[in-house]
Amino acid sequence: MDTLLPLLDRHLPALVLAGIVIAGGYAWPRFLSYLRYCKIPVLNTKYDGPPENFLFHSAKVYEEGYRTRRNDVHRIIAPDGEHVVIPNRYLDELRERPDDEVDVLTAFMKVMENDYIHLFPCHHNTHIANSVVKKELTRSLAKINPALSRAVAETVASEMPAECDSGWTPVNINAVLLRMVAIISGHVFVGPELCRRPEYLDAAVNFTTDITMAVPIVKRWTKLIRPLAKYFEPQLAKVQAHRARMRDFLAPVIAERKAKKARGDTMPEDTLQWMLDKTEAEGITDATELTNMQLLLTMAAIHTTTLTTTFILHDMVARPDVVEACRQEIKHVLAASGDDGSMSTHALFNMKLVDSVMRESQRMNPPFLDSFRRYTLKPVTLRDGTFIPAGCLIEAANKAVLMDPDIYPDPATFDPYRFVRLRTNADAPDPLAYKNREQYQFVSVTKENMSFGFGRHACPGRFFAANEIKLILANLLLNYDLRLAAAGEGGLAKDVVLGSGVGPDPSRVILFRKARARA
Ligand code: HEM
């Protein structure tokens, strides 16, 4: 104490100043946040407190918001801050707002703590990656589908456990699908020669999981000292190690492709090549940027498609009649299409019951409880005078809408025929009175189904994802019998809801057996 007091005395002014700076750094953002949000009614005071309160009760929070305040802008307090929930009736108006007013990328950068995680390449290159999916990939689907169809057949055969050939075998289908989807997507991301290479597969399978774990770790650090997190949190180093490995993997591939192009060789048709062509045209030659763009697509595509397909199979296997009806439809469509065994986009379009089961499964198990995440870069005044300040993370309820009985009658019942009925039977009552019943296809995005988002930034990969999922389902149903495992055999589904994310029970198994010759 004797030595401490003089020391304190000598440094008192500096200590007081440091205290003011730290307290100010902590309190100032909170004060600004208070000013920004204080006029927007808050919903979830009862889930305030430790982050777990919101994380594990988020479904109830969104549901309560939709039930009690569906026509008013309101606020949810989540562990990462305030989320402003926008009623559906404003979405058509908001989707028209330009990106420099209501921006999707800033929203995702904030949610994903991009300053510390560095998931997104610079704005411009992120737009290039998105536009490659929207334009080149989607426009090429009919052309690449025969090759994709063969790739799916090979991958299903190689990835399903060999034990299924000799009898009923418990399969953790989520884990199997993750590799399958990574390989199949890899065919169109980096090409058939590279899509099974361990470096690519490691990034495709583990990058998303490592980022998902890193984001809450970053958020635990108070903003003022967040830049220091990378020196203390090994999870952040893990994310950057993925980037370095992927860059080492892609750099020689990129160099080789550039040489091929210079020689005038025929170039591959995959997202890497399309991104190379677009960036080269603009003089961007850095392999790191292309690596980041490729990793971004991996992040957007692999786990989302895997969890959607897992949910569909979990929902199907509980209903043997639906499995059989889908199998018959697939056989019928293929017999009528006269294709050479590969499944064309036209044949996939005609699998309308399969499509309906996919949409119904996604209706009951959307990947996110919310959708239409945007950030207001400028203050927004809506036509009826409703005001949303600048600097807000806005979003709309998704799951609560999908369970609304006025929109989806008897919403808690899984009805495999719900959407095929609406699409093919003009007399089927349509509570939404859509002008075009094709709005009920799996890929259609509406205010009443935003699992692929909404507006001009709705998921551009959904057409590819729908093809991929249908091809996987068709191959599994034609080549395997499947049945429900009992609870004791790992068959009990317990979905995981954490914050706004929803996933299937990752440990659940389904019994598969290689199909004997069927009629
Ligand atoms: C079933 C699988 C998938 C689901 C559920 C899904 C879901 C979503 C959602 C909810 C968004 C945000 C949209 C919005 O806020 O309006 C999104 C954006 C995006 N998705 Fe997907 N996605 C899937 C598959 C894919 C695939 C396979 C790809 C790439 C081939 C992809 C590429 C993208 C891209 C590039 C964006 C950003 C679009 C933009 O900001 O303009 N997604 N996705």
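Just so you know, these numbers come straight off a predicted model, no measurement behind them.

*Asks:* It is not clear to me how the coordination of the iron atom of the ligand should be interpreted in this structure. Could you clarify?
*Replies:* Reference values for angles at a metal are 109.5 degrees in the four-donor tetrahedral case and 90 or 180 degrees in the six-donor octahedral case. Donor atoms from the protein around the iron atom of the ligand number only one, Cys459 (SG), found at 2.3 Å. As for its position among the elements, Cys459 is in the loop between α17 (418-424) and α18 (462-479).

*Asks:* Help me understand the site of the ligand, please; the structure alone is not making it clear to me.
*Replies:* Neighbouring residues of the ligand: 24 residues in total, closest Asn130, Arg374, Phe454, His457 and Cys459. Between Asn130 and the ligand, the recorded distance is 3.4 Å, taken from a side-chain N or O atom to an oxygen atom. One nitrogen or oxygen atom from the main chain of Phe454 is found 3.1 Å from an oxygen atom belonging to the ligand. Secondary structure elements with two or more residues in the shell around the ligand: α6 (123-159), α12 (287-317) and α18. Here the element with the most residues in the shell around the ligand is α12; it accounts for five residues.

*Asks:* Whenever I open this one, the pattern of salt bridges confuses me. Can you help?
*Replies:* Pairs may arise between side chains of opposite charge once their charged atoms sit close together. Taken as a whole and assessed by the stated rule, the structure comprises 35 salt bridges. Note that Arg226 and Glu113 form a salt bridge whose closest N and O atoms lie 3.0 Å from each other. Of this pair, Arg226 sits in the loop between α8 (198-220) and α9 (229-232) while Glu113 sits in the loop between α4 (104-111) and α5 (114-117), and the two are 113 residues apart along the sequence. There is no split in this pair, since Arg226 and Glu113 are both buried. Of the charged contacts in the structure, one is a salt bridge between Asp202 and Arg245, with a shortest N-O distance of 3.1 Å. Taken together, the residues Asp202 in helix α8 and Arg245 in helix α10 (residues 234-263) connect sequence positions 43 residues apart. Judged by relative accessible area, Arg245 falls into the partly exposed class, the value being 43%. A network of salt bridges, in which partner residues are shared, links Asp80, Glu113, Lys219 and Arg226.

*Asks:* Help me understand the nonpolar core, please; the structure alone is not making it clear to me.
*Replies:* Counting residues in hydrophobic clusters, the biggest one holds 125 residues, and the most contacted among them are Met160, Tyr200 and Phe512. Residue contributions to this core peak at 13 residues, all from α12. With near-sequence residues (within four places) excluded, Tyr200 lies in contact with Ala182, Ser185, Gly186, Phe189, Val190, Leu194, Cys195, Met246, Phe249 and Ile302. Core analysis: the next-biggest nonpolar cluster, separate from the first, contains twelve residues, Leu43, Phe54, Val61 and Ile76 among them.

Conventions used here
- Residues numbered from 1 in each chain as written.
- Predicted model: local features only at pLDDT ≥ 70, side-chain atom pairs only at ≥ 80, totals over all residues.
- Heavy atoms only, no water.
- Donors = N, O, S within 2.8 Å, 3.2 Å for Na, K, Ca; no water.
- Helix = DSSP H or I, 4+ residues; strand = E, 2+ residues; numbered from the N terminus.
- Near = heavy atom within 4 Å.
- Polar contact = N/O pair within 3.5 Å; in protein donor to acceptor, adjacent residues only side chain to side chain.
- Salt bridge = Lys/Arg side-chain N within 4 Å of Asp/Glu carboxyl O.
- Buried < 20%, exposed > 50% of the residue type's maximum accessible area, 1.4 Å probe, protein only.
- Core = buried A, V, L, I, M, F, W, Y, C linked by side-chain atoms within 4.5 Å.
- Contact = heavy atoms within 4.5 Å.

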